[in-house]
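Given next are the chains, with one letter for each unit.
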Amino acid sequence: MTKSTNHIVIKIAETDNVAVIANSEGLPEGTIINDDIRLLQNIPMGHKVALLNIGLGEKIIRYGQVIGFANRPIKAGEWVEESKMLLPEPPDLNSIPMPDNKTLSELKPIEGYTFLGYRNSDGSVGTKNILGITTSVQCVAGLAQYIVKKIKQKLLPKYPNVDDVVALNHSYGCGIAINVPSAIIPIRTLQNITTNPNFGGEVLVIGLGCEKLPPESLLLQNGNSKTNSDKKFSNVFYMQDESFYGFSGIVEAGVKRTEIHLKELNKRKREICPAADLVVGMQCGGSDAFSGITSNPAAGYAADLIVKAGGSVMFSEVTEVRDAVHLLVPRTINPEVGKALLDEMKWYDNYLEQGQADRSANPTPGNKLGGLSNIVEKALGSIVKSGTSPIVDVLGPGEKIHRKGLIFAATPASDFICGTLQLAAGMNMHVFMTGRGTPYGLSMVPVIKVGSNSKLSKRWFDLIDLDAGKIATGEKSIEEMGWELFHLILDVASGKKEVACDKLGLHNDLVLFNPGPVT
Ligand code: CA
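None of these values were measured; they are calculated from a predicted model.

Each value, and the rule that gives it
Along each chain, residues carry numbers from 1 onward, in the same order as the chain's sequence is written. Whole-chain, interface and lining totals are the exception, using all residues; otherwise, since this is a predicted model, local features are given only for residues with pLDDT of at least 70 and side-chain atom pairs are given and counted only at 80 or more. The side-chain numbers reported here are obtained from all heavy atoms of the structure, hydrogens and water having been left aside. Whether two strands pair comes down to DSSP finding at least two bridges between them. Runs of H or I in DSSP of at least four residues are treated as helices and runs of E of at least two as strands, each being numbered from the N terminus. Pairs of residues are marked as contacts when any of their non-hydrogen atoms sit within 4.5 Å. Here an angle of 0 to 180 degrees is reported between the N-to-C directions of two axes, which are lines fitted to C-alpha atoms, with helices fitted over the stretch in contact. Note: pLDDT gives the predictor's confidence per residue, expressed from 0 to 100. What counts as a salt bridge is simple: a side-chain nitrogen of Lys or Arg found within 4 Å of a carboxyl oxygen of Asp or Glu. Exposure classes here rest on a 1.4 Å probe applied to the protein chains alone. A residue is buried below 20% of its type maximum, exposed above 50%, and partly exposed in between. Buriedness for pockets is judged along seven lines, at least five of which must meet protein on both sides within 12 Å for an open set on the 1 Å grid over protein atoms alone, while cavities are sets there where a 1.4 Å probe fits but cannot get out, and lining residues have an atom within 4 Å of a point. Grid points are joined across faces, edges and corners, and a volume is the space filled by probe spheres set on the points. In the scheme used here, Gly and all other residues not listed as nonpolar or charged are polar, with Ala, Val, Leu, Ile, Met, Phe, Trp, Tyr, Cys and Pro taken as nonpolar and Asp, Glu, Lys and Arg as charged. Atoms of type N, O and S within 2.8 Å of a metal are treated as its donors, and for Na, K and Ca the window is 3.2 Å; water is not considered, so some sites may appear to be missing partners.

(A) Spatial organisation of the sheet that holds strand β23 (residues 447–451). The seven strands are arranged β20-β21-β19-β18-β22-β23-β24 in an open sheet whose pairing can be described as parallel. Each end of this open sheet is capped by a strand with a single partner; those strands are β20 (391–395) and β24 (466–467). Along the sheet, helix α10 (residues 415–425) contacts β18 (279–284), β19 (312–315), β20 and β22 (429–434); its crossing angle with β18, the most-contacted strand, is approximately 170°.

So, in C-alpha cells, the structure goes:
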C-alpha cells in the first residue's frame, strides 16, 4: 500500500501492474500517485489504475495473477475497467497438479481460547438455544409461522433459557421429482439442518399429508435419537390428521407438541467450551474491490486462528472459487481431497452449461460498481477468506461436516443458498463479508457482518458489526483485524455480544439448492 498526501493506492503483489484507489471519494484526473504517475481520468473508489503502460493483448495483473488481457493499449494512470479487458480462460481442471506434502503450511496450535456454548449429546456445541420447527412441504409454511407466533406469545416466556422459536420454512416438497439423483441435495440439506447444533436435537416437523417427501424422513439423521415414545409422537405431525377439528384445533395440537421440546431445551445451560468446538461458515456477498484487500484477508487470518485452536472453518461459493482453484488444490491435504475439490468444480461447470449460463453471470452489477471487473478478480479476492491452512475435506452441497480444520463446502454463491447449505453442514457461527452492503442475516445462527470499506461501515453503522476498511486506511493491520474478528466470534458465540441483524430482527429466508426438475 502506498499512502502519500492522502492518496491511498493499494497494490497487492510485487508483479501487479494495476492498483486499487482506496480514497472514499476516489481520485480526480491529474492527481499524481506513486510520485510519478498522473491519473488520466477521475477514478472512483475501489477501481483500478494502471501503474505501467499495458499494450494490446498484454496481461493485466492483480494479486500476482492474470485477471484479464488488455483489449486496447492502456496507459499508466488510466482507469482499468471491464470494457478494457478480455476475460482469461478458466483454469483447466484436468491439468492442475495434485498436492504434494511439501507445499502444505504447518500451523502452530494456539491454546486457551474458549466460549460459552450449549453442549449437545452428540458432542456438537450450539451458540443459540432455539426450538426449530421444520416442514416437509411449503404448503404448511403458514401453519408453521402461525404456531411460531402462538408459541412466542404464550409459551416462550415460561422457558427463559430458550432463546427463540424459528420456522425452518423452505419451498421444497410439493411437485418434486423425489427419485432423481439430484434430489439428494435438497433432501439431505433438510435432514442435516435438523441436526444443526443450535436446535439441540429437538426439532419438530410439520407435514401436510399428501406430499412426496415423508416428514419422518427429515429426522432420520437426527443425532439425538428419540427413544422416548412421547417424544417420537411429538416430533412429527400432519396437518391433514383427521383427529384435528378446524384450524384452531390443528394449531392447538401443534403448539401442545412443542412443549416437550421446550422443556428439554430449557434444561440447556451455557458451559465453557474450547474454541475447537467452533464451526464457522465464511461467506461474502455484495463484494467489492476491497473485499480481497481488507475483510477477506482479516477473515482468512481469523480462519487460521480458529483452525490453530482446533476448530472448523468452512468456505464455499463454487463460482467464486472456480477461477482460483489452481491456488487451492495445492493446499489440499492429499490427492483424494484435491480430486474431490476438482470434482465439485466439474459438477458445477456442467450444471451451468446445462442451464446455458457461463461464469460471466457472476459478478453482479453492484460488484462491478465496487471495482470488480470480472469473475477472475472476484475469485482471487474471495478465496483469501480461506486463510492459509491446509484444506482437509470437501463437502458436497448439503453434506454434514465431520472433520475439524479448514473445509471446502461446495455451494452456489447465492447468499441465502450458501447460508442454508452451511447451516446444514453444521455451522454454529457465520461470518459474512460485504463491500457494497447487504442486510443479510439468519435467525438460526449468529451472523457477524464485516464491512470491507469504512465508507460503507460508517454509513451502515448499525448494520455492520466490524469495519475491516480500517486495513485500507492503515489504521489497523490484517493481523490486528483478524484477532479482533476472532475475539468477536468468541464473544458472539458466547451470547455476550449481539450481532446487528439479531438486534434489528433482520433475517432472511432459508433457500434450498434444488438442481433437480420440478413436476
Ligand atoms: Ca455469497
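(B) Molecular detail of the confidence of the model for the chain. Per-residue confidence for the chain gives a mean pLDDT of 93, with 96% of residues at or over 70. Note that pLDDT drops below 50 for residues 222–228; the model gives that stretch 13 contacts with residues more than four away or on any other chain.

(C) Examining the pattern of salt bridges more closely. For the structure shown, the criterion picks out 17 salt bridges. The salt bridge partner of E377 is R62, with a shortest N-O separation of 2.6 Å. Taken as a pair, E377 in helix α9 (residues 375–382) and R62 in strand β7 (residues 59–62) lie far apart in primary sequence, 315 residues in all. Both residues of the pair, E377 and R62, count as buried. Among the ionic pairs, K497 bridges to D491, the shortest N-O distance being 3.7 Å. D491 sits in the partly exposed class, given a relative accessible area of 24%.

(D) Helix α2 (residues 184–193), seen in detail. Summarising burial for α2: nine of the ten residues are buried, a large majority. Taken residue by residue, α2 has I185, P186, I187, R188, T189, L190, Q191, N192 and I193 as its buried positions. Of the surrounding elements, those touching the buried residues of α2 are β14 (164–168), α7 (335–354) and α10.

(E) Main features of the layout of surface pockets. The volume enclosed by the largest pocket comes to roughly 350 Å³. Among the elements of the structure, α1 (141–154) and β14 are those that each provide at least two residues to the lining of the largest pocket. No other element matches the five residues that β14 contributes to the lining of the largest pocket. The class makeup of the residues in the lining of the largest pocket is eight nonpolar, seven polar and three charged.

(F) Representation of the coordination of the calcium ion in the model. Every protein donor of the calcium ion is listed here as Q283 (OE1), C284 (O), E317 (OE), A413 (O) and D415 (OD), and their distances to the metal cover 2.4 to 2.7 Å. One chain supplies every donor to the calcium ion, and in sequence these donors are spaced Q-C-x32-E-x95-A-x1-D. Taken together, the residues span a long stretch of sequence, with Q283 in strand β18 and D415 in helix α10 at a distance of 132 residues. Judged by relative accessible area, which is 0%, Q283 ranks as buried.

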